[in-house]
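Observations on chain architecture
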Amino acid sequence: MKTLSLPLAAGCLVATLAPLHAQELSIGLKSEATSMDPQFHQLSTNIQVGKNIFEALTTQDAVQKVTPGLAESWEAIDDTTWRFKLRQGVKFHNGSDFTARDVIYSFCRVPLVQNSPSAYTIFTGGIADMTAEDDHTLIIKTKDVNPLLPTDLWSLAVISADALGAEDEVVFAPDGECTGMGEVPQAPAFNSPDIAVGTGPYTLESYTRGSELTVARFDDYWGGTPEWERVVMRPITSDGPRVAALLAGDVDMIENPPIQDIPRIEGEGFSVVDALSNRIIYLHMQQLDDAPGIGGTDGANPLQDARVREAISLSINRDAIAERIMGGYAQPAGELLPPPMFGTSGREVDPYDPERAKELLAEAGYPDGFTLNLGTPNDRYINDEQVAQAVAQMLARVGIQTTVDATTASQFFSRRNALEFPIYMAGWGASSGDMSSPLKSLVATYDEVTGTGTTNAGRYSNPEMDAVLAEAMATIDDAKRDEMLQQAETMVLDDYGIIPLHYEQTVWAMKSDLTYEPRVDQYTMAREVKKAE
Amino acid sequence: MIVYLVRRLGQSLLAIMAMAVLVFAGVYAIGNPVDVLINPEATQAEIAATMQRLGLDRPLYEQFGIFVKNALQGDLGSSFVYGRPALDIILERLPATMELALVALVLSVAIGIPLGVWAGLRPDSIAGRTIMGGSILGFSLPNFWQGMLLILVFAVILGWLPAGGRGETTEFLGLQVSFLTWDGLTHLILPAINLALFKMSLIIRLARANTREVSLQDYVKFARAKGLSGRRVVMVHILKNIMIPVVTIIGLELGSMVAFAIVTETVFAWPGMGKLLIDSINLLDRPVIVAYLMLTVLIIVSINLLVDVIYSLLDPRIRLSEMKG
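This one's a predicted model, so the numbers in the text were calculated from it and none came from an experiment.

Considerations on the side chain of Ser-160 of chain A
Residues and elements named next belong to chain A. Along the chain, Ser-160 falls in the loop between α5 (149-153) and β8 (202-208). Look at Ser-160 and you get buried, because its relative accessible area is 0%. Excluding its chain neighbours within four sequence positions, the residues that come into contact with Ser-160 are Phe-92, Asn-94, Ser-96, Asp-102 and Val-197.

Some thoughts on the sheet that holds strand β6 (residues 127-134) of chain A
Residue and element names in this part refer to chain A. Strand order in the open sheet made by the four strands is β4-β5-β7-β6, with antiparallel pairing throughout. The two strands at the open ends of the sheet, each matched to only one other strand, are β4 (71-78) and β6. Pairs of neighbouring strands in the sheet enclose a mean axial angle of 20°, with direction left out of account. Inspection of the sheet shows β4 paired to strand β5 (residues 81-86) by six bridges, in the antiparallel sense. Residue pairing in the sheet places Glu-75 in a bridge with Arg-83 of β5. Across the face of the sheet, helix α3 (residues 100-109) comes into contact with β5, β6 and β7 (137-142) while running at roughly 165° to β6.

Points about the domain arrangement of chain A
Often, the extent of an interface is quoted as the loss of accessible area on bringing the components together. All names here are of chain A. Under the domain assignment used here, chain A contains domain 1 (21-36 + 200-270 + 515-533), domain 2 (54-192) and domain 3 (276-505). Put simply, the middle of domain 1 and the middle of domain 3, counted by C-alpha atoms, are 34 Å apart. Each partner contributes to the interface: domain 1 provides five residues, whereas domain 3 provides 11 residues. When the buried surface of domain 1 facing domain 3 is broken down by residue, Ile-259, Val-520 and Gln-522 rank first, second and third, together holding 75% of it. Summed over the shared surface of domain 1 and domain 3, the number is zero salt bridges. Viewed at the interface, domain 3 and domain 1 are joined by three residue pairs in polar contact (both at pLDDT 80 or more). Residues belonging to the side of domain 1 that touches domain 3 are distributed by class as follows: three nonpolar, one polar and one charged.

Criteria and cut-off values
Residues numbered from 1 in each chain as written. Chains lettered and ligands numbered in written order. Predicted model: local features only at pLDDT ≥ 70, side-chain atom pairs only at ≥ 80, totals over all residues. Heavy atoms only, no water. Helix = DSSP H or I, 4+ residues; strand = E, 2+ residues; numbered from the N terminus. Buried < 20%, exposed > 50% of the residue type's maximum accessible area, 1.4 Å probe, protein only. Contact = heavy atoms within 4.5 Å. Pairing = 2+ DSSP bridges. Axes fitted to C-alpha atoms, helices over the stretch in contact; angles between N-to-C directions. Domains from an automatic or database assignment. Buried area = accessible area lost by both parts, 1.4 Å probe. Salt bridge = Lys/Arg side-chain N within 4 Å of Asp/Glu carboxyl O. Polar contact = N/O pair within 3.5 Å; in protein donor to acceptor, adjacent residues only side chain to side chain. Nonpolar A, V, L, I, M, F, W, Y, C, P; charged D, E, K, R; others polar.

Put into structure tokens, the structure is as follows:
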């Protein structure tokens with residue numbers, strides 16, 4: 001009896017839900033936010049969820065252009081001093097007014113967050129002083145010249161000083177020495193909507209770990225009435241079930257459907273949008289004398305020779321990878337960031353020329369090639385292991401016998417950082433949306449003092465490039481900095497210090513009555529999902 | 001009885017200790033959690049500071065020493081990822097898994113035993129053969145695939161049931177459960193069936209084999225010869241005597257269902273412990289992994305203990321004091 005009545009009853013359920021549904025949006029995400037505290041863990045899931053509730057002084061639009069957020073305008077008074085004009089009439093979810101005090105409190109709290117696995121201090125560490133000229137004018141002084149301050153500020157969520165129990169006067173001091181902070185609530189407290197108070201278009205309604213996160217419309221939002229009454233975000237980590245949830249109508253939208261399922265999703269009448277992302281997939285080659293995993297060279301490291309590196313680049317058929325392995329959802333890359341983003345030069349993609357590659361190898365003294373271990377994660381980037389396999393086959397065709405060493409991401413990153421691979425494939429998403437990010441982390445000389453080259457596990461070093469980059473990073477003038485970054489990038493690519501493969505494309509699938517402007521930074525922002533006209 | 005219980009508890013403690021050592025060393029060998037957790041733009045100084053904050057800069061034996069010291073005081077450490085006590089995070093997920101496992105268990109027993117006994121009594125009938133054929137399918141089809149197929153048929157094609165998630169929950173005895181609301185129930189059906197199918201097949205085969213064996217025993221023949229009704233013979237003489245192996249299996253399988261419902265939970269995005277374990281392994285969240293597996297050992301050991309007690313109730317010849325564990 002029970003099973004017989006089931007379809008009928010389920011049918012009724014759908015019918016009664018339908019009118020409600022128009023005001024409610026549900027999204028299937030591929031991972032889950034680890035905390036509701038926007039200052040706890042720099043993780044894309046936390047950021048994309050947090051941006052619905054909390055805002056920052058600046059924002060980045062879909063192509064990562066910095067635009068005004070809670071600050072209406074800003075100017076650099078001198079190289080290290082900035083004045084921010086804050087927006088008037090902005091209310092927090094608890095009804096209190098947004099003022100400069102909230103901003104100072106928020107930045108002060110960052111170093112006081114305990115047990116953070118990836119702290120936001122990388123953005124606040126460079127701030128020397130903050131003072132409020134009046135309630136809506138803020139002066140920020142930086143320790144060094146930082147042209148990227150407005151970009152960095154996007155990452156620093158503004159939380160309510162009142163809701164978190166600050167005193168009336170909050171005075172800034174670097175490194176967590178601020179006064180007037182009161183008792184600072186820690187990350188777990190943010191599960192409560194009374195603490196997780198921001199200025200964003202949605203307020204936190206409930207957060208059931210592992211199951212769903214619900215946010216509700218904030219009626220007093222300064223930017224106009226938000227589109228949805230409620231937004232439900234559900235983590236569905238496996239690809240297949242996430243697609244099934246969309247097809248079954250459980251959710252209205254999903255992020256990252258697997259490429260092979262896209263034709264099916266489109267065939268069922270859903271819309272699919274995609275955009276080039278800021279994530280470059282690249283090959284990095286180890287430059288140390290005792291690089292492991294190389295054979296047939298009598299102990300020498302052939303990758304130290306720029307001709308060999310060029311040969312590797314020329315032997316790769318990027319079009320074939322983008323078309324066949326990535327199903328067209330990737331674009332061959334000639335740079336470290338897709339043009340026309342800040343600091344790109346529009347450089348041509350390296351051609352596919354295996355004959356020239358063989359000549360170069362012969363010139364470098366390796367007419368018979370050598371053997372190489374290619375490291376890659378197998379669950380981090382889109383079709384990563386297959387791409388690495390294809391690269392290995394292409395290298396084998398010019399004489400470099402390559403074996404692929406694919407492991408799960410957690411193992412890969414540890415091994416890569418321990419310099420276990422002579423050549424590895426990885427990806428880099430430039431969170432700041434400009435060229436300085438990949439240059440500083442991937443190819444600048446590894447230096448613990450200046451904090452550059454952190455992800456340069458090939459230990460490539462080009463002092464001339466380092467000098468140009470350092471100068472660029474101390475230049476406030478955008479036009480000049482753009483030019484210097486282009487110059488620095490060209491120096492690295494001319495030397496084949498790193499080999500760009502392709503830019504990933506990010507895909508979203510949704511019901512046909514929704515629209516979403518695809519974002520370069522790969523974030524799924526519920527606040528940007530609109531009803532189709 | 002008491003000696004037996006004490007000995008069993010001692011053994012469990014040893015197992016839990018061994019588990020802690022193995023997992024601790026194992027996760028350490030995989031890699032450094034900070035490499036996975038930190039924003040790649042962080043500088044070397046920030047990476048070092050994070051390692052220190054999470055206590056990962058110390059040598060392994062020292063980290064383990066600190067862990068044991070805290071564990072003896074009931075503190076299993078804080079999750080690297082969530083920044084909250086690992087045990088809290090796991091216990092938060094326990095009710096969802098328990099509910100799923102218990103519903104699956106009830107399904108597999110309620111369907112498995114009658115079908116198994118039926119097939120055992122009439123092994124050559126069409127029904128008996130069909131049941132056995134079906135159980136082979138239940139056994140051999142991969143759990144993951146079964147789950148996807150259930151979703152495809154009932155959620156995507158027919159649209160009767162939701163494809164995943166837990167649905168609406170209500171409070172029952174202080175726990176969040178979903179079987180009391182219609183919405184929760186619809187979410188529970190598919191994952192419970194998915195989890196139950198394998199166990200059901202197991203119980204069918206076990207019940208059938210035992211029924212066939214018991215049916216040939218003298219006391220069953222005698223009961224029939226005495227003119228007892230077929231119903232009474234089956235319910236009292238056969239059923240009671242096939243229960244010991246069935247209870248053993250149910251006990252073992254309940255433990256594994258609670259601990260390792262991972263596949264089902266992942267396919268149906270069910271917010272239980274198994275999914276938490278997978279997520280934690282991917283992020284190398286060692287405190288959660290260690291606490292999870294220690295808790296798992298505890299659950300399995302307790303269930304086995306319970307099974308032993310049930311034995312003695314089912315078969316008065318078995319006495320706990322005689323068991324050597």
